[in-house]
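Here are the chains, one letter per residue:
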Amino acid sequence: KNEVEQSPQNLTAQEGEFITINCSYSVGISALHWLQQHPGGGIVSLFMLSSGKKKHGRLIATINIQEKHSSLHITASHPRDSAVYICAVRGHTGKLIFGQGTTLQVKP
Amino acid sequence: GAGVSQSPSNKVTEKGKDVELRCDPISGHTALYWYRQSLGQGLEFLIYFQGNSAPDKSGLPSDRFSAERTGGSVSTLTIQRTQQEDSAVYLCASSTHQETQYFGPGTRLLVL
């Protein structure tokens with residue numbers, strides 16, 4: 001079993017839909033990251049959080065430390081949101097452990 | 001520059017040759033990380049430098065892989081006697097201690 005599990009692996013949505021991507025982890029962490037990777041592109045850090053909730057534009061990230069679970073929500077999704085979304089947890093040593101990623105396609 | 005830079009952006013080499021990949025972190029960032037992403041696979045941690053501490057090498061897949069960070073800034077990842085399974089995108093990231101990591105564009109390595 002992977003230390004970081006994401007679901008779903010693949011997600012197709014219509015423009016405007018509300019999207020949720022889930023991440024569960026089994027190790028102790030100091031922080032959790034949500035990353036975005038566009039096809040052929042680099043990786044961008046969307047959020048780093050260790051408790052509660054963060055919001056940036058149409059993106060919202062939540063974390064429940066007790067349940068070892070985080071969610072990334074996208075409101076009013078748009079085709080430009082199409083990308084791979086990666087959950088990564090930072091252990092107490094500082095290195096990141098990555099989930100397998102969720103491939104999101106938003107259709108117009 | 002403002003971001004993390006890596007060079008070369010692409011590298012094609014023959015099996016058995018050595019390669020060196022370079023990472024220039026954001027100025028002032030004390031932490032530097034190397035990761036790789038094989039085709040169709042997730043991201044994999046390789047090595048982590050934090051200030052003057054001994055690096056965390058626990059992710060290096062074999063003794064053919066090594067990395068150094070000179071003067072607390074630029075880092076070089078060296079792969080000796082490359083194998084086809086080394087083909088991947090090698091990503092570097094930097095951060096201030098325990099903060100958000102900023103990723104470079106990666107070096108795409110192809111071993112023929």
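For the structure itself, consult the block above.
Below, the structure is looked at part by part. (Residues numbered from 1 in each chain as written. Chains lettered and ligands numbered in written order. Predicted model: local features only at pLDDT ≥ 70, side-chain atom pairs only at ≥ 80, totals over all residues. Heavy atoms only, no water.)

1. Comments concerning the sheet that holds strand β3 (residues 19-24) of chain B
Residue and element names in this part refer to chain B. Filter applied, for reference: Strands pair, by our definition, only if DSSP identifies at least two bridges between them. Strands are runs of DSSP state E lasting at least two residues, helices are runs of H or I lasting at least four, and both sets are numbered from the N terminus onward. Angles here are taken between N-to-C directions and fall from 0 to 180 degrees, while the axes themselves are lines fitted to C-alpha atoms, restricted in helices to the stretch in contact.
Spatial ordering of the open sheet is given by β1-β3-β7-β6, a layout of four strands whose pairing is antiparallel. In the strand order of this sheet, the two ends are held by β1 (5-7) and β6 (65-69), each with one partner. Along the sheet, successive strands turn relative to each other by an average axial angle of 15 degrees, direction set aside. With five bridges connecting them, β3 and strand β7 (residues 75-79) associate as antiparallel partners. Each bridged residue has a counterpart across the sheet, and for Val 19 the counterpart in β7 is Ile 79.

2. Points about the environment of Leu 104 of chain A
Residue position: Leu 104 of chain A is located in strand β11 (residues 102-107). Remark: the alpha-carbon pair of Leu 104 of chain A and Ile 19 of chain A, spanning 85 residues in sequence, is separated by 9.2 Å.

3. Section: the state of the cysteines
Here is the rule we go by: Here, a disulfide means two cysteine sulfur atoms that sit within 2.5 Å of each other. Burial classification: accessible surface area is computed with a 1.4 Å probe over protein chains only, and a residue below 20% of its type maximum counts as buried, one above 50% as exposed, and the rest as partly exposed.
The final tally for this structure, using the stated rule, is two disulfides over all chains. For Cys 23 of chain A, the disulfide goes to Cys 87 of chain A, at an S-S distance of 2.0 Å. On the S-S bond that ties Cys 23 of chain A to Cys 87 of chain A, the torsion sits near -65 degrees, and the link is left-handed. A residue pair is termed long-range when its members are at least 10 positions apart, and Cys 23 of chain A in strand β3 (residues 19-25) and Cys 87 of chain A in strand β9 (residues 83-90) qualify at 64 residues. Its relative accessible area of 0% is what places Cys 87 of chain A among the buried residues. The disulfide partner of Cys 23 of chain B is Cys 92 of chain B, and the gap between their sulfur atoms is 1.8 Å. Here Cys 23 of chain B and Cys 92 of chain B share a disulfide; its torsion about the S-S bond, -65 degrees, makes the bridge left-handed. Here the residue Cys 23 of chain B occupies a position in strand β3, and Cys 92 of chain B occupies one in strand β8 (residues 88-95), the gap between them amounting to 69 residues. Under the relative-accessibility criterion, Cys 23 of chain B is labelled buried at 0%. According to the relative accessible area criterion, Cys 92 of chain B is buried, its value standing at 0%.

4. Some remarks on the packing of aromatic side chains
Test applied: A pair of aromatic rings is counted whenever rings of Phe, Tyr or Trp (Trp by its six-membered ring) have centres within 6.5 Å, and the orientation is called stacked for planes under 30 degrees apart, edge-to-face for over 60 and tilted otherwise.
On inspection of all chains with the given rule, the structure shows five aromatic pairs over all chains. Their ring planes at 85 degrees and their centres at 5.0 Å tell us that Phe 98 of chain A and Tyr 35 of chain B sit as a pair that is edge-to-face. Taken together, the positions of Phe 98 of chain A in strand β10 (residues 96-98) and Tyr 35 of chain B in strand β4 (residues 31-37) put the pair across two chains. We note that Phe 98 of chain A, like Tyr 35 of chain B, is buried. Taking the centre distance of 6.0 Å and the plane angle of 10 degrees together, the rings of Tyr 33 of chain B and Tyr 35 of chain B count as stacked. Across the pair, Tyr 35 of chain B and Tyr 33 of chain B agree in class, each one buried. Put simply, the rings of Phe 98 of chain A together with Tyr 33, Tyr 35, Phe 45, Tyr 48 and Phe 103 of chain B pair up and form one aromatic cluster.

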